[in-house]
Amino acid sequence: MALGRQSERQSELLLSWSELPRSQGHPFYDRLQEVLRNAGFDRHVETLCQPHYSSVARGRKSLPPGRYFRMLLVGYFEGIDSERGIEWRCADSLSLREFLLLESRERVPDHSWLSRTRSRLPLEVHDRVFAWVLQRLAEHGLIKGARIGVDASTMEANAALRTIVRRDTGEGCREMLKRLATESGIETPTADDLIRLDRKRPGKKLSNEDWQSRTDEDARIARMKDGRTRLAYKPEHSLDLDTGAALAAPVHHADRGDTKTLPDTLAETEANLAAVDLAPTCEEPAEVVADKGYHSRDGLKDLHDSAWRTRISEPAPPSGKDGILRWHGDEDARRAVYANRRRLLSGIARQALKLRAEIVERGFALTLDRGGMRRTWLRGRDNVQKRYLIHIAGYNLRLVMRLLTGCGTPRRWAAAHPTVLWVCMPLDDAYLAVWIAMITDNEPLPVAGGCFLIATADGSNPNYATR
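Residues numbered from 1 in each chain as written. Predicted model: local features only at pLDDT ≥ 70, side-chain atom pairs only at ≥ 80, totals over all residues. Heavy atoms only, no water.

**Q** I'm lost on the pattern of salt bridges in this one. Help?
**A** Any two side chains of opposite charge can pair, on the condition that their charged atoms come close. The tally for this structure, following the rule as stated, stands at 24 salt bridges. Between arginine 228 and aspartate 226 there is a salt bridge whose closest N-O contact spans 2.8 Å. Of the charged contacts in the structure, one is a salt bridge between aspartate 330 and lysine 301, with a shortest N-O distance of 3.3 Å. Of this pair, aspartate 330 sits in the loop between β10 (308-312) and α12 (331-343) while lysine 301 is found in helix α11 (residues 297-303), placing the two residues 29 residues apart along the sequence. Counted as one network, the salt bridges with shared partners bring together Glu156, Asp226, Arg228 and Arg375. (Salt bridge = Lys/Arg side-chain N within 4 Å of Asp/Glu carboxyl O. Helix = DSSP H or I, 4+ residues; strand = E, 2+ residues; numbered from the N terminus.)

Dropping the structure here:
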C-alpha cells in the first residue's frame, strides 16, 4: 500500500447528499426516523405546541418542536447529559444532522435554543409526548400492565453544598461560622479555626428544614447511592415487569421517603395506562411489586381493595422486639398488612420480586448511568422533569427498536453488524479475492478471514479454495 499524502488543493464544493460519509450507526437512526414519521410524530408535537406560540407570523421562527424533542432523544441514545454536549454531538455528525431533518445549509440549534424552547413549553406538553411514545409501545404489544415494579434512585443536582444558606436568615455556612467565631472571641479566624469550631459546635446538623440551596431551591440534601452527601433529586420509576417498559418516571424532592412518593407515582402510572386503555380496576387490579422501603401501614391500607394489589416486601422487626404487631384498634391496617403478607408467601411473589430487582435496576442503569443522567445540569424540578421525561421516552423507543431491528442503541447496532473488507488481487490467470470480517461483539475483537478464486482468464469456473 502506498503512502497517502494530504493535498493542499481545496476540495469540491458541489456534491450530492448521498456522497457524504455516514457512520455505522446511521442505519439505526434511519429506522428510528421511519418509526417516528409513520406515526406522525412531527405533526402531533406541532399540534401540541401550537397554543404556546403566537398565531401571528412575526419575527424569527422558533425551533421546530420535532427537532427539539429529537435532540433530547439523541441525549439518551448517545449517553449525553448536558444540552451543550447534545449540540456539539449533533454538529459533529452528519448522521444526526439528517436525523434532525436539517437542510445542508442549516445550523444545528445551539443549547440556548433548547433552553428557550423548554421554558416555553409547559410540563403538560412533555407529559403528552411521553404518553404518545407509550401508545407506540402499546401498538407493538410492549405494555401488559399486569405487574408493575416501582423503585427510586438519586440524581445529583446542579448545585453545591457550599452554597447552601439558612432558611430563616439567608446566612451562608461560612458567614455563620465567622459570626460564631467572632462571638466566641476570635477576631480574625483562620480556615483551621472555622473547621475546628464547626466540628465542636453543639447542635450541629445538616437538615433540609434548616438549609436550602441558594442556586436551586428545589434541590434537597440527600445521601447518594454511592454514599456521598449531595444536593439531589429523586427519580422514581414505574416499570412493566413483563416487557420492561417505563410507565411513569416522576422526579420528586430527594428528602421525601418512598412511602410518601408511592401514591403520586401510582396515580401517574394509572393515568398513563388509561391513555392506552390498560388502566387497572378494582375488578381487575394490577400488582405493585416493591421492596421493603415502600412498606407502611397507611400505604397498604390506602391501596387495599383498590385498583392495585400489593406485593411489597415486609421489613424484619427491629432488634429487641418480639415481632408481635400491635394495631390499637386499626382493623383496616391489620387486614391490609396481613393480606400483603399472604401474597408474599407464593411462588408468584418470589418470581415477581426477582423480576423487580432485575428489570427496575437495569432501567436505572440504562437511563442514569449509561444514559448520562446521574447528574443533571438543569435547575428547578420542572426543568429536570421535562428533560427526564423525554429521556425516558428514548428508553421506551429503545424497546420498539429492539423489537424491530434487534438493537436498542446505535452502538449496539454497530457492534451487531460486522465490518467486512474485500481485497481483490490479480494473478496470472485468475483473480484472488481476500475477505476479512471484523466481528465487534466481543473483546478482544476476533478476526475471520479467507480467500478464493473468483474467475480465470479463460472464463472457466474453478473450485473455491477457502481457508
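**Q** I would appreciate a short explanation of the nonpolar core in the present structure.
**A** In summary, soluble globular proteins display a tendency toward joint burial of nonpolar side chains. With 101 residues, the main nonpolar core has Leu32, Phe69, Phe77, Cys90, Leu137, Trp308 and Tyr388 as its most contacted residues. Ranked by residue count, the leading element in this core is helix α14 (residues 381-405), at eleven residues. Filtering out sequence-adjacent residues up to four positions away, tryptophan 308 remains in contact with Ile148, Leu266, Thr269, Glu270, Leu273, Pro280, Pro285, Ala286, Val288 and Leu303. (Core = buried A, V, L, I, M, F, W, Y, C linked by side-chain atoms within 4.5 Å. Buried < 20%, exposed > 50% of the residue type's maximum accessible area, 1.4 Å probe, protein only. Contact = heavy atoms within 4.5 Å.)

**Q** How should I be thinking about the layout of surface pockets in this particular structure?
**A** Any empty space left between the atoms is revealed when a probe the size of a water molecule rolls over them. If you add up the space inside the largest pocket, you get close to 720 Å³. Around the largest pocket, the lining is made up of 20 residues, and of these Tyr53, Arg60, Lys61, Ser62 and Leu63 lie nearest the centre. Where the lining of the largest pocket is concerned, the elements lending two or more residues are α2 (41-49) and α6 (111-120). Per element, the largest residue contribution to the lining of the largest pocket is four residues, and it comes from α6. Each residue belonging to the lining of the largest pocket can be placed in one class, and the counts come to eight nonpolar, six polar and six charged. (1 Å grid on protein atoms, 1.4 Å probe; cavity = no way out; pocket = protein on both sides within 12 Å on 5 of 7 lines; lining within 4 Å. Points joined across faces, edges and corners; volume = space filled by probe spheres on them. Nonpolar A, V, L, I, M, F, W, Y, C, P; charged D, E, K, R; others polar.)

**Q** Is there a simple way to think about the side chain of serine 238 in this case?
**A** Looking at where serine 238 falls in the secondary structure, it is placed in strand β6 (residues 229-240). Serine 238 sits in the buried class, given a relative accessible area of 0%. Sequence-distant contacts of serine 238, that is, excluding residues within four places in its chain, are made with Ile148, Gly149, Val150, Ala245, Ala246, Leu247, Ala248, Thr265 and Thr269.

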